[in-house]
Amino acid sequence: MKDLFGIIAVFRTPDAVTNAAAHLRQSGYSAIDAYTPYAVERLDRIIRPGTKVFLPLLMFAGAVVGAAFAYWIQYWDEALSYPLNVGGRPYNSWPAFAVSTFEFMLLAAVAAGFFGMLAASRLPRLYHPIFAAKAFERASRDRFVICIEATDPSFDPASIRALFEQLGAERIEEVPA
Amino acid sequence: MAMTLTNELPPDAPVVAPDLTLTSLSEEVSNRVLMSRAPLWWLVGFGISFALFTVLVIQMAWLFINGIGVWGVEIPVAWGFAIAEYVWWIALASGGTIVSALFFLTRSPWRSATNRIAESMLLSAAPCAGLMPIMHLGRPGLFYWLFPYSNVMGVWPQMRSPLLWDFVCLLCYILMSAMYYYAGILPDLATVRDLATTRSKQILYGVLSLGWRGSVAQWQNQRVVYAIMSAIMAPMVISVHSVVGLDYAGGLTPGWHDTQFPPYFFFGAVVSGTAVIIMLTILVRWGYSLQKVLTEYHLNAMAKVMLVGSLMLSYAYVWEAFGPLYGSGVADKTEFYQRLFGFTAPLFWSEKILTVVIPQLLWFPAVRRNQLILFLISGGIIVGMWQERFMFTTASLEHNYMPSYWGYFYPSLWDWAALAGTIGLFLTSFFLFLRFAPIVSLAEVREIIEEERSK
């Protein structure tokens, strides 16, 4: 048997792919992934259930670090390194520092989210075995692709093929590793 | 149903054309990017824009060689076109973020097809805004002194100044907008990659899309980050434009020293930003024949936002008059009368007509559906907002506390060249966005199509 990354099935509608995913889950498959042209609701809850708090927390951490850094650099500037008496205002004039602190806090949060999103999605990764599949090409347009990966403990091409056919897949294809 | 002046679109009107499918949407929008030859209107438009852009390059070269004396700025009016246009451009950009981020949070269905136009617009307008104060610096080569960095001179920027806040805001705003744009466009670039037929385009869009596959995990990450980014961008843009207002409010001249400036500027951003998005949407819709994707529904909705913006702006105008008239400051009163009846009176009144009176036509649904009238009203608003930004920048300085210190601002040819040139930069950049990036958010319109199908 040649080395496989997995077997993919192509569905025409979001409902079909969601039903298929639910069915595969019930049949005990665990290494499932789906490739869709947009974020299909319910599908993600079947394939990756549970609340995902990592990225929101990362953005929050980014905001805290960003705010602390921005305030610190202003404090360093105005109170420690280059104190300048402007009309008797306190050197540590926090109301005046609030604006830049706020803006930089948001920048840091967005940057943490942006780069966190790429890292959590394992991007940039220009090559992936799934790209070799002919049927995958339309997953970014108008088809909904589901994949059972070869790492699944109960991976067996013949029975998976039969299962996909039974679920009404438009096309089934083996993806080489 | 007969179209009368007061007929509103039915509440269940389709957001996108009913015969639009996932297949046709992806192909129609991506084909505009993948065309081997640009259409004639694109070449002509880009040519004109690029010619205007060269005006900017020449203007900047002349300005940097000779100093800002080539402009009309003088004592007492030391803030002229450059500062007024800085405010004008940043307002247009802010309007783009408001349409894109604020209406993402409200889940408005019309936002999904227009947000990319709005974001491309803002990414083109923000650099124009950023250039203006740098050109105004006098010693533009030293603009990096605004960064708080450890240097051998041992000096640091003055962090308590609204002008420095402004620099921080604009810098953060541009960086955040770029990330927001890219996080949204990533899946669409993957669509273009998969539809590309030539090797060079496959490689280009393959690299740009960073290998996006649209797997469940990737969508989950993208959706959650994008939603939080939107929730950050919406208040962010309000703060950015408010800080621009603080530049004025922190000034001590009559007419500037007013706490209403931050919200007032923001209202102006809503109306002028929406106006420019409406104009671009109408142009993109015809140029790229995207009538199925960008429908009456979108224009109707944006026209309503523009009307709301215009009403908010008129509220600010009432307060602008109320302050000096109710207060006891002689200089404030004099300055305000000068605006009303003095040298700048024609600008004052024509601007009020363009931004407040004429937009009241948008109460009529038929006007909101007529693209020609909508286009003209939007154009009028943008011109009016330019007059408004110009007027309050110069009029206050023209009539300062001491009458002996009064004087008028006369723009020079180079002032106009800076305006024409930044418009060239804006359009050049927007035309490039049109040519090389999908101008409609495919992933989000797909959701709209599915929602309508399952209705």
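Every chain is numbered on its own, with residues counted from 1 as its sequence reads. Chains and ligands are labelled sequentially in the order written, the chains with letters from A and the ligands with numbers from 1. In keeping with the predicted nature of the model, local features appear solely for residues at pLDDT of at least 70, side-chain atom pairs appear and are counted solely at 80 or more, and the whole-chain, interface and lining totals rest on all residues.

Here's the deal with the environment of B:Met179
At step 1: Each helix is a run of DSSP H or I of at least 4 residues and each strand a run of E of at least 2, with the numbering of both proceeding from the N terminus. The residue B:Met179 is located in helix H5 (residues 162–195) in this model.
At step 2: Note: C-alpha distance between B:Met179 and B:Ala82 (97 residues apart in sequence) is 27 Å.
At step 3: In this description, a residue-residue contact is defined by the distance between C-beta atoms placed from the backbone, which must lie within 7 Å. Sequence-distant contacts of B:Met179, that is, excluding residues within four places in its chain, are made with A:Val110, A:Ala111 and A:Phe114.

Re the packing of helix H4 (residues 94–120) of chain A against helix H7 (residues 216–249) of chain B
At step 1: Angles here are taken between N-to-C directions and fall from 0 to 180 degrees, while the axes themselves are lines fitted to C-alpha atoms, restricted in helices to the stretch in contact. Taken N-terminus to C-terminus, the directions of H4(A) and H7(B) make an angle of 160 degrees; their axes are 10 Å apart at the nearest point. Considering the angle they form, H4(A) stands roughly antiparallel to H7(B). The handedness of the crossing between H4(A) and H7(B) is left-handed. Only B:Asn221, B:Gln222, B:Val225, B:Ile228, B:Met229, B:Ile232, B:Met236, B:Ser239 and B:Val243 of H7(B) make contact with H4(A), whose side of the interface consists of A:Val99, A:Phe102, A:Glu103, A:Leu106, A:Ala109, A:Val110, A:Gly113, A:Phe114, A:Met117 and A:Ala120. When an angle is under 35 degrees it counts as roughly parallel; over 145 it counts as roughly antiparallel; between 65 and 115 it counts as roughly perpendicular; any other value is oblique. Working rule for handedness: look at the near helix, and if it is turned counterclockwise from the far one by less than a right angle, call the crossing left-handed; if clockwise, right-handed.

Topic: the packing of helix H3 (residues 81–105) of chain B against helix H14 (residues 413–436) of chain B
Relative orientation and spacing of two packed helices are given, respectively, by the angle between their axes and the distance between those axes.
Residues and elements named next belong to chain B.
At step 1: For the pair H3 and H14, interaxial distance at closest approach is 10 Å and the crossing angle is 20 degrees. Taken together, the axes of H3 and H14 lie roughly parallel to each other. Of the two elements, H3 crosses H14, and the hand of that crossing is right-handed. Here Phe81, Ala82, Glu85 and Trp89 of H3 lie close against H14, whose contacting residues are Asp415, Ala418, Leu419 and Thr422.

Overview of the interface of chain A and chain B
At step 1: Contact with chain A, which involves 54 residues of that partner, is made by 50 residues of chain B.
At step 2: Secondary structure elements with two or more residues in the side of chain A that touches chain B: strand S2 (32–35), helix H2 (43–47), helix H3 (54–81) and H4 of chain A.
At step 3: With 17 residues, the single largest contributor to the side of chain A that touches chain B is H4(A).

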